Amino acid sequence: MKSSLEELAIFGGRALSDKILPVGQVNLPDWEKFQKSYRPLLRTGGASKVEEFEERMSSLLNVRHVLAVTNATDGLMLVCKLLRLKGRIALPSFTFAATAQAPLWAGLEPVFCDVDKNTCALTKQTVEPVMKENDIAAILGVHMWGNACDVAGLAELGEKYGARVFYDAAHAVGCTHQGNNIGNFGECEVFSFHATKVLGTTEGGCIATNDQELFREMKKMRDGDSCIPGAAPCAFSPAQAQFGLLSLDLFPEIKNLNREKLLLYKKRISDLPGFSMIEPKWEEEHNCQYAVFKIEKEEFGLDRDSLMDILVREHIHARRYFVPGLHKSPPFNQNGKEPCLPVTDYLCERVLQLPSGANTNLEDIDKICSLLHFIHENSKSIKAKLRKD
Amino acid sequence: MPHISYPDTMGHSLKTDKFLYHIQKSFNRRQMTNAGPCVVELEHKLATMHKGVNCLVFANFFTGLFLTMRYMAKKDASGVFIPFPWGKTMEKAANMAGLKPFLPPIGANGDFMYNEDPAWPDETALVVCPRPAPALAEKYEKRAASAGIPILYYSAGCIGLENRRPLTPTASEIRNMGDSDPVNAWAGSYLLTKDQELASCLTKARAFGFAGWDNIEFAGLNAKLNELHAAMALASIDTLDARTSEARALWQNFAEKLEAVSGSRLLSVPEESPYPGVIVRLGSGNAIKMARLLQSENVAAYPTQMAVPGLLDHDDAQKCIILPFFLNSGDIESTLATLMKMDSQKSADDCNGEK
């Protein structure tokens with residue numbers, strides 16, 4: 001552990017970790033199992049693997065239909081086309097770029113809403129002002145870091161203003177809201193299987209719905225058989241499906257391990273001033289994939305960006321989420337009418353994700369937390385030395 | 001009849017070993033996407049195979065196509081001329097990219113411009129078409145260069161044929177890496193271009209437009225090829241020669257046996273071709289019906305229907321069906337038997353009809 005400022009890597013000391021600790025990293029299956037399952041797949045083509053994966057996902061999400069697609073961005077684009085949306089779509093600015101880029105490519109105009117300070121997600125209160133002022137065709141909610149947004153409130157708004165409601169559930173595989181699986185809300189929900197997600201297919205995604213007609217049409221679109229204008233084919237390969245099947249076998253174990261990691265973070269930072277965890281809903285089923293924190297610079301002693309610079313030099317590859325908010329990013333910031341989103345701006349300045357992926361074990365987390373305490377305790381001298389250097 | 005819906009299984013044991021060899025590199029690095037080791041190697045290998053042009057791989061063909069079209073056309077709502085009336089995929093991609101597609105009308109006889117260079121609308125900012133015959137390509141490229149308009153060729157099984165006409169600075173080419181293409185990545189595509197600025201723009205565009213960790217420069221999306229698919233494409237390239245010679249032998253075998261089906265023949269293939277498909281020109285009968293009948297026997301056949309500028313004229317296109325090329329000897333026999341059965345049934349139907 002560090003005992004003096006000079007031992008910090010940013011001041012020339014040795015990095016805390018010998019290995020790089022990224023925020024998330026792919027949960028790889030055992031190599032022997034991988035080889036064993038891919039040999040027959042390559043021999044036969046594995047045509048049935050995609051359906052097998054979809055069926056297992058459908059049972060995990062407890063939803064009637066699941067359609068696997070190339071990636072979640074393609075899934076969101078497909079839904080925008082499938083619902084024949086035109087005009088404007090309400091969505092959060094505090095989200096990953098794909099949430100707004102997909103509707104944009106599908107010909108829609110994103111209208112950004114603010115989010116709740118605690119859940120970091122849309123609520124009825126944050127969306128309604130936008131609904132009143134604009135002719136909104138749809139609401140796209142995001143279950144940020146696996147915590148559901150205000151699904152009841154958004155459904156109410158959809159009803160009241162005649163807008164379709166669907167969700168970006170990229171972070172939310174295996175999570176529930178009031179005991180119901182995410183995947184069952186709105187008209188459909190789009191999940192991501194990107195390599196850094198709790199359940200990976202290297203790249204990939206799926207759309208979950210209970211609407212059989214919608215499912216039939218989306219399947220046609222995915223496979224290039226749809227007559228909906230602009231329908232883009234976005235197939236999921238047997239190779240992705242096989243990887244997904246292996247990941248599904250690992251899923252329960254990873255979920256438990258993730259929970260242990262987040263609980264350790266929570267315990268170790270509980271007495272760290274200005275450093276608070278955006279907690280998963282512990283009472284729900286939760287994948288606990290994201291270790292996300294808010295930093296109040298006055299109390300912690302350093303601002304989020306300076307802290308991140310120090311951590312990265314220690315091989316702790318912390319990430320800022322999301323900087324800047326989408327309403328301040330190209331191409332959305334170019335119409336000269338930047339919306340006023342105070343909570344989004346507040347979060348964009350403070351949120352930091354710390355490592356919790358496959359490459360990070362409990363011992364690493366313990367070390368990271370000790371380092372955070374050291375940085376806080378020495379924040380004044382660190383700030384002074386950073387200014388001097 | 002065997003199910004031949006996933007044709008690329010020829011030489012599978014060698015290919016499997018190669019696939020596992022490549023994907024192990026990604027396992028060792030624990031990197032399964034975001035320009036992992038297989039994607040980097042694949043792009044390098046394809047660029048070398050194509051004499052050092054820039055090469056970029058994409059997650060699937062359609063995404064690669066519309067993203068490339070959008071950034072080649074440079075501006076929203078630019079006009080895209082598609083000198084190919086059957087270019088529905090290109091038209092769809094232009095719409096997805098927010099561009100305005102223009103397709104020439106099909107003439108009364110189905111002819112339009114096989115060997116001609118049609119008038120380009122004034123709004124044209126980009127020309128997209130299948131790679132035409134060399135003489136026509138030369139015409140297009142000269143005209144495009146003088147007008148400062150880029151051309152995007154859209155092709156699939158052209159590996160080995162690029163020496164017939166190398167790319168010029170204004171002409172780029174996008175190729176499919178679908179599961180029945182010579183470079184098979186299960187799904188994917190690759191762009192070949194000499195335009196450095198375009199390559200650099202699309203490198204960002206395929207990863208959400210990010211330039212660095214946080215900063216988005218412009219609208220992109222997720223068009224990244226994953227490592228599984230890249231490893232498969234590398235395995236395909238490693239085994240391309242073996243695959244081509246086996247396909248050539250099967251093609252010749254098929255051609256000889258097809259003589260028994262009255263009036264039908266295989267369309268000739270250039271010597272350097274990778275034999276990406278078996279195209280049968282039927283002596284008689286309707287290609288669409290024949291393809292449907294073969295499909296009902298689980299042979300993945302489909303009618304060509306579309307003429308290809310300078311390569312396949314409209315009349316021939318209506319009489320041709322494409323068969324899977326990875327037919328082993330047993331499959332060849334049974335496919336031929338089906339063709340003969342259909343052919344004789346058709347003759348009998350014709351006689352009955354006359355009565």
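Above this text is the structure in question.
These notes cover the structure that comes with them.

Conventions used here
- Residues numbered from 1 in each chain as written.
- Chains lettered and ligands numbered in written order.
- Predicted model: local features only at pLDDT ≥ 70, side-chain atom pairs only at ≥ 80, totals over all residues.
- Heavy atoms only, no water.
- Helix = DSSP H or I, 4+ residues; strand = E, 2+ residues; numbered from the N terminus.
- Buried < 20%, exposed > 50% of the residue type's maximum accessible area, 1.4 Å probe, protein only.
- Contact = heavy atoms within 4.5 Å.
- Areas by Shrake-Rupley, 256 points an atom, 1.4 Å probe, with all protein chains shown as cover.
- Pairing = 2+ DSSP bridges.
- Axes fitted to C-alpha atoms, helices over the stretch in contact; angles between N-to-C directions.
- Polar contact = N/O pair within 3.5 Å; in protein donor to acceptor, adjacent residues only side chain to side chain.
- Buried area = accessible area lost by both parts, 1.4 Å probe.
- Salt bridge = Lys/Arg side-chain N within 4 Å of Asp/Glu carboxyl O.
- Left-handed = near helix turned anticlockwise from the far one by under 90°.
- Nonpolar A, V, L, I, M, F, W, Y, C, P; charged D, E, K, R; others polar.
- Core = buried A, V, L, I, M, F, W, Y, C linked by side-chain atoms within 4.5 Å.

### Here we look at the overall build of chain B
Helix and strand counts for chain B come out as eleven helices and eleven strands. Looking at chain B as a whole, 57% of its 355 residues qualify as buried. Of all intrachain contacts in chain B linking residues separated by at least 6 positions in sequence, the fraction that spans at least 24 positions is 64%. Carbon and sulfur atoms make up 51% of the accessible area of chain B, which totals about 14,500 Å².

### Topic: the sheet that holds strand β10 (residues 302–303) of chain B
All names here are of chain B. Strand order in this open sheet of four strands is β8-β9-β11-β10, and the pairing throughout is antiparallel. Of all the strands in the sheet, the pair left with one neighbour each is β8 (265–266) and β10. Sheet analysis places strand β9 (residues 278–281) next to strand β11 (residues 320–323), joined by four bridges and oriented antiparallel. Across the sheet, residue V278 finds its bridge partner in β11, namely L323. Packing of helix α9 (residues 287–296) onto the sheet brings it into contact with β10 and β11, and relative to β11 it is tilted by some 25°.

### Describing the side chain of N222 of chain B
Mapped onto the fold, N222 of chain B is located in the loop between α6 (196–205) and α7 (227–238). One polar contact links N222 of chain B to E203 of chain A, side chain to side chain, over a distance of 2.9 Å. Within the structure, the side chain of N222 of chain B is placed 3.2 Å from the backbone nitrogen of K224 of chain B, a separation counted as a polar contact. Apart from residues lying up to four places away in sequence, N222 of chain B is in contact with N71, T73, D74 and E203 of chain A together with T63, R206 and F208 of chain B.

### A word on the interface of chain B and chain A
On the side of chain A, 49 residues touch chain B, which itself brings 43 residues to the contact. It is F27, R30 and M96 of chain B that lose the most area in chain B upon contact with chain A, and together they represent 18% of the buried surface on that side. Seen at the junction of chain B and chain A, the total is three salt bridges. Put simply, D17 of chain B and R39 of chain A hold a salt bridge, and the shortest N to O gap is 3.1 Å. One can count 14 residue pairs in polar contact (both at pLDDT 80 or more) joining chain B with chain A. Those elements that place two or more of their residues in the side of chain B that touches chain A are α1 (12–29), α3 (61–73), α4 (88–96) and α7 of chain B.

### A closer look at the pattern of salt bridges
With the rule as written, the count across this model stands at 32 salt bridges over all chains. With its nearest N and O atoms 2.6 Å apart, the salt bridge here joins D305 of chain A to R304 of chain A. Judged by its relative accessible area of 30%, D305 of chain A is partly exposed. Connected through shared salt-bridge partners, R304, D305 and R320 of chain A together with D214 of chain B make up one network.

### Some remarks on the packing of helix α1 (residues 31–44) of chain A against helix α8 (residues 238–269) of chain A
All names here are of chain A. Contact pair α1 / α8: the axes reach a minimum separation of 11 Å and the direction vectors enclose 145°. Crossing handedness for the pair α1 and α8: right-handed. Contacts between α1 and α8 involve K33, F34, S37, Y38 and L41 from the former and P238, A239, Q242, F243 and L246 from the latter. Across the contact of α1 with α8, the residue classes tally to seven nonpolar, two polar and one charged.

### What to know about unusual backbone geometry
Trans peptide bonds make up the majority, and among non-glycine residues the majority have a negative phi. All names here are of chain A. Cis geometry is adopted by the peptide bond preceding F322, which originates at Y321 and carries an omega value of -10°. Tracing the backbone through its elements, the reader meets F322 in the loop between β14 (319–320) and α11 (342–350). Backbone torsion omega between P330 and P331 reads 0°, so that peptide bond is classified as cis. Turning to its location among the elements, P331 is positioned in the loop between β14 and α11. You will see that C120, though not glycine, has its phi angle at about 60°, which is positive. One can find C120 in the loop between β4 (109–113) and α5 (124–133).

### Some details on the sheet that holds strand β6 (residues 171–176) of chain B
Residues and elements named next belong to chain B. The strand order across the open sheet formed by seven strands is β1-β7-β6-β5-β4-β2-β3, and the pairing between neighbours is mixed. Because the sheet does not close on itself, it has two edges, and the strands there are β1 (54–58) and β3 (100–102). Pairs of neighbouring strands in the sheet enclose a mean axial angle of 25°, with direction left out of account. Two strands pair when backbone bridges link them, and strand β2 (residues 79–81) and β3 are joined in this way by three bridges, in the parallel orientation. The partner of V80 across the bridge, within β3, is P101. Contacts between helix α5 (residues 134–147) and the sheet are confined to β4 (124–130), β5 (151–155) and β6, with β5 contributing the most and set at about 150° to the helix.

### Some remarks on the nonpolar core
The biggest cluster of nonpolar side chains holds 77 residues, and the ones touching the most others in it are F166 of chain A together with F66, L67, M69, Y71, L152 and L202 of chain B. At nine residues, α3 of chain B tops the list of elements feeding residues into this core. With sequence-adjacent residues up to four places away left out, F66 of chain B is seen in contact with M77 and W105 of chain A together with A93, M96, A97 and L221 of chain B. Counting residues in hydrophobic clusters, the runner-up holds 59 residues, among them C113, V127, A208 and V292 of chain A.

### Comments concerning the environment of T119 of chain A
Residues and elements named next belong to chain A. By the secondary structure assignment, T119 is in the loop between β4 and α5. The partly exposed category is assigned to T119, whose relative accessible area is 23%. Each C-alpha atom of the pair T119 and K33 lies 39 Å from the other, and the pair is 86 residues apart in sequence.

### Quick word on the pairing of β6 of chain B
Residue and element names in this part refer to chain B. Within β6, five of the six residues are buried, which leaves the element mostly enclosed by the surrounding structure. Alignment of β5 against β6, held across five bridges, turns out to be parallel. By the bridge assignment for β6, Y153 is matched with E173. In this sheet, strand β7 (residues 189–193) lies alongside β6 in antiparallel orientation, the contact comprising four bridges. Of the residues in β7, the one forming a bridge with E173 is L192.

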